[in-house]
Amino acid sequence: MFQYYFMLGLRSLRRNPALTALMVLTLAIGVAASVSTLTILHVMSGNPIPHKSDRLLVPLIDVGPLLDYTPGDAPEDVQMTYTDARNLLKSGQGERRTAIYGIAAAVEPARKDIGVFSAQGLAATADFFAMFEAPFLHGQAWGEAEDASGAQVVVLGRAMAEKLFGQTNPVGQRVTMMGGSYQVVGVLEKWIPIPRYYRLISGLGSFGTEDEYMIPFQAAINGKNQNNGNTNCTANSGAGYQAFIDSECTWIQFWFEAKSSAERATLQTYMDGYVAEQRKLGRLKRNVAPKLFDVMEWMEYNKVIGNDSKLSAWLAFAFLLLCLVNAIGLLLAKFSVRAAEVGIRRALGASQREIFRQFLIETAVVGLAGGVLGLLLTFGALALIAMQSKQMAIVAHMDWVMLTFTFILSVAAAMLAGLLPTWRACQVTPAMQLKSQ
Amino acid sequence: MLRMTNLSKVYRTHMIETHALRGFEIHVNKGEFVTVTGPSGSGKTSFLNIAGLLEEFTEGEYILDGVNVKGMDDNARSRLRNEKLGFIFQGFNLIPDLSLFDNVDVPLRYRGFNAAERKERIEDALAKVGLASRMKHYPAELSGGQQQRVAIARALAGSPKLLLADEPTGNLDTQMARGVMELLEEINAQGTTILMVTHDPELAVRSQRNVHIIDGQVSDLVRKSPTLFDAKAAAGTHAG
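Residues numbered from 1 in each chain as written. Chains lettered and ligands numbered in written order. Predicted model: local features only at pLDDT ≥ 70, side-chain atom pairs only at ≥ 80, totals over all residues.

1. As for the overall build of chain A
Test applied: The helix count covers DSSP runs of H or I at least four residues long, the strand count covers runs of E at least two residues long, and both are numbered beginning at the N terminus. By the criterion used throughout, residues are in contact when their C-beta atoms, derived from the backbone, lie within 7 Å.
Each helix and strand in chain A was counted, giving 16 helices and ten strands. Pairs at least 24 apart in sequence give 80% of the contacts found in chain A among residues at least 6 apart.

What follows is the structure in structure tokens.
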């Protein structure tokens, strides 16, 4: 009977075309508003590295002063000092470790047709590439020896490699930047994790930015490269680069990769011991246990999805609810003129349950039509949102999950709106309708 | 085929109670053609609605083809209605946006026949009423008489035991009414029991038996000759 009722539903769309169009449009607008905001939330809140997100861990050490501190206060910053980063890199804890900070470089191309330009990149250790599974187009990451010596090697992002060397493989070539000559050891494929979870704290934002190059962490320190991002100091760091890196200013993002999710407890124990030791040494003032965050916890802690995004999703759903109330009214009008048909069908053997099924499937067909139109409107809305900024362009795209969700939402919304009108249609007294015909 | 014993139907509002049927007794045998007459408000329609399982009765007993319908839930009543009964209404009651084929198909869908059997039954039923060539037409494209023939085809398609007709010729001119009546007589001659409400005394005398209802009770039973053709011969005489 489902197929029969579905066909009747399709025919019913042609009956009262103006009313049907109004219903489909009402539903489509409500669905488009909710799905477009949900799509953005869905992309923003997606797990960027699902198979190992619980093994990638960020340690958080509170290095803040006691002045104005009340136990329970959040740390001044979520980044790490150079001292802690250096110690943890040497700790040998976890399967892999990396310390990251942003750098900006003036690049002097060998090609005469391109002038000097500024590029934004990262300083990280070799483990960075394996930990975050950065995909290589050419070459590979540098090794431990380069990390230790701070060798002037570079892994280029694809866009910068093509800008400097065209389509040729540049591995082995040299790039002059930051006053030094860096040998290219690898080129990454286009790589834009959404969100850019490995370095959430930066001026570049969490979405839509691609690092143009990576150099060894120690090479950046040796080259006295300033942090190109947020730096938090609670006291004067003193004069000179050495004083800065020895200070309690926080500017580095640190990650462990655990061998298994069970190793998290081991890492926590190690961090507890480390912090206790540093407190004993007089470095850490506050009596706060260090914390570990996995990828999803880290994104939640840093509010990658802001409250305003959540609020807009709620507002969109409220709007959908409003549309549903309208749809209920329209469906009541549509079904009220069908009382005679209900009477006839009941006389011919349809039970109330069958009438309920028929009309509910009919509303589902309206929902499907609303879903198709809603999907088109959603694409339009997302295109408009994408025009707002490069970051929004990255998140404002639809995937199969959201596409399927659009139809499910539309059909479910229509069926929900159809419950009351359908129930009322079932209450028709057939005898009265048949006589009044 | 149909037996009602001491049956009553009371419509209640906050203010008043109306007894549509009281102490109602009737027995219709298999293969009979029974007409039901009576003045407006006498309870004819209530009787027909109860007989057709479209309304529940207040008290008494109703046996339809050996099945006691009292206390049946909506699903069971609907199934029984679909399997044993066929309806013909004064206003034809076809679904306007379905073709003739699809209109006749409606009760067969609820019966759960497969597509091949439905098609065969629909074609047979429409052929019986002389509308086989117009299966794809819509009700609005037909005359009143033709629409009533489609309604008869729809009622017949499921091979009902009892055909309930509520003034089936009431909206038709004389010629069309005669055609419909002859068709009903043919159907009855083939073994289908027919119970027909009518205001028309001429039609009443053509049936084997006329039941007259006044104030919700059977006031008079007039048994006519056992064959319709005898009744036809007696046309022109009036029931007592």
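2. Considerations on the overall build of chain B
Using the following cut-off: Burial is judged by counting the other C-beta atoms within 10 Å of a residue's own C-beta: 20 or more makes it buried, 12 or fewer makes it exposed, and any count in between marks it as partly exposed, with every C-beta position built from the backbone.
A tally of helices and strands in chain B yields eight helices and ten strands. Split into buried and exposed, the 240 residues of chain B put 45% on the buried side. Contacts spanning at least 24 positions in sequence make up 69% of the contacts within chain B whose residues lie at least 6 apart.

3. Re the pairing of strand 6 (residues 85–88) of chain B
Residues and elements named next belong to chain B. Here is the rule: In this scheme, strands are said to pair when DSSP sees at least two bridges between them.
Here strand 6 shows two buried faces, one formed by Leu85 and Phe87 and the other by Gly86 and Ile88. Relative to strand 7 (residues 162–166), strand 6 is paired through four bridges, and the arrangement is parallel. What sits directly across from Ile88, in strand 7, is Ala165.

4. Comments concerning the packing of helix 13 (residues 352–386) of chain A against helix 15 (residues 400–426) of chain A
Residues and elements named next belong to chain A. Which entries qualify depends on this criterion: Note on method: axes are straight lines fitted to C-alpha atoms, helices fitted across the in-contact stretch only, with angles between N-to-C directions ranging 0 to 180 degrees. Take the far helix as the reference: if the near one is turned anticlockwise from it by less than a right angle, the crossing is left-handed, and if turned clockwise, right-handed. When residue character is reported, Ala, Val, Leu, Ile, Met, Phe, Trp, Tyr, Cys and Pro are called nonpolar, Asp, Glu, Lys and Arg charged, and the others, Gly included, polar.
Between helix 13 and helix 15, the least distance of the axes is 6 Å, while the angle of their chain directions is 145 degrees. Like other packed secondary-structure pairs, helix 13 and helix 15 cross with a definite hand, here right-handed. Partitioned by chemical class, the residues of the contact of helix 13 with helix 15 number 17 nonpolar, eleven polar and no charged.

5. Quick notes on the environment of B:Tyr11
All names here are of chain B. Position of Tyr11 among the secondary structure elements: in strand 1 (residues 2–12). For Tyr11, a count of 12 C-beta atoms within 10 Å corresponds to the exposed category. When the C-alpha atoms of Tyr11 and Thr58 are compared, they prove to be 8.8 Å apart, with 47 residues separating the residues in sequence. With residues near it in sequence (within four places) discarded, Tyr11 still touches Thr18 and Ala20.

6. Thoughts on the sheet that holds strand 5 (residues 67–68) of chain B
Residues and elements named next belong to chain B. The sheet built from four strands is open, its strands ordered 2-1-4-5 with antiparallel pairing. Edge positions in the sheet fall to strand 2 (17–28) and strand 5, since each of these pairs with one other strand and no more. In this sheet, strand 2 lies alongside strand 1 in antiparallel orientation, the contact comprising eight bridges. Paired with Leu7 across the two strands is Phe24, which belongs to strand 2.

7. Some remarks on the interface of chain A and chain B
Listed as interface residues are 20 residues of chain A and, on the opposing side, 21 residues of chain B. If you list the elements that add at least two residues to the side of chain A that touches chain B, you get helix 1 (2–14), helix 12 (339–347), helix 13 and helix 16 (430–436) of chain A. Its residues placed into classes, the side of chain A that touches chain B shows nine nonpolar, four polar and seven charged.

8. So, unusual backbone geometry
Residue and element names in this part refer to chain B. Even without being glycine, Asn93 reaches a positive phi, approximately 55 degrees. You can see Asn93 is positioned in the loop between strand 6 and helix 3 (100–111). By C-beta crowding, Asn93 is classed as buried, having 25 other C-beta atoms within 10 Å. Within the chain, Asp215 stands out as a residue other than glycine whose phi angle is a positive 50 degrees.

9. Re helix 3 of chain B
Of all the twelve residues making up helix 3 of chain B, ten are buried; the element is thus mostly covered by neighbouring parts of the structure. Along helix 3 of chain B, the residues classified as buried are B:Leu100, B:Asp102, B:Asn103, B:Val104, B:Asp105, B:Val106, B:Pro107, B:Leu108, B:Arg109 and B:Tyr110. Check the buried side of helix 3 of chain B and you find it contacts helix 1, helix 12 and helix 13 of chain A together with helix 2 (74–84), helix 4 (115–128) and helix 5 (144–157) of chain B. Immediately downstream of helix 3 of chain B, the backbone of B:Gly112 shows phi near 90 degrees, a positive value.

10. Examining the pairing of strand 9 (residues 253–257) of chain A
Residues and elements named next belong to chain A. Burial runs high along strand 9: four of the five residues are buried. Here strand 1 (residues 56–60) pairs with strand 9 via two bridges, running antiparallel. In the sheet register, Leu57 faces strand 9, and the bridge partner there is Phe256. As paired elements, strand 2 (residues 96–108) and strand 9 share five bridges and run antiparallel to each other. Bridging from a neighbouring strand, Arg97 pairs with Phe256 of strand 9.

11. Quick word on the confidence of the model for chain B
Residue and element names in this part refer to chain B. Quick note on the threshold: Along the chain, pLDDT gives the predictor's confidence residue by residue, from 0 to 100.
Here chain B averages 85 in pLDDT, and 91% of its residues register 70 or above. Mean pLDDT per element in chain B: helix 8 (residues 228–233) is the minimum at 43, and helix 3 is the maximum at 94. Taken together, the stretch residues 225–240 has pLDDT below 50 and engages in 29 contacts with residues farther than four places along the chain or on a different chain. The complex model carries a pTM of 0.67, and its ipTM stands at 0.86.

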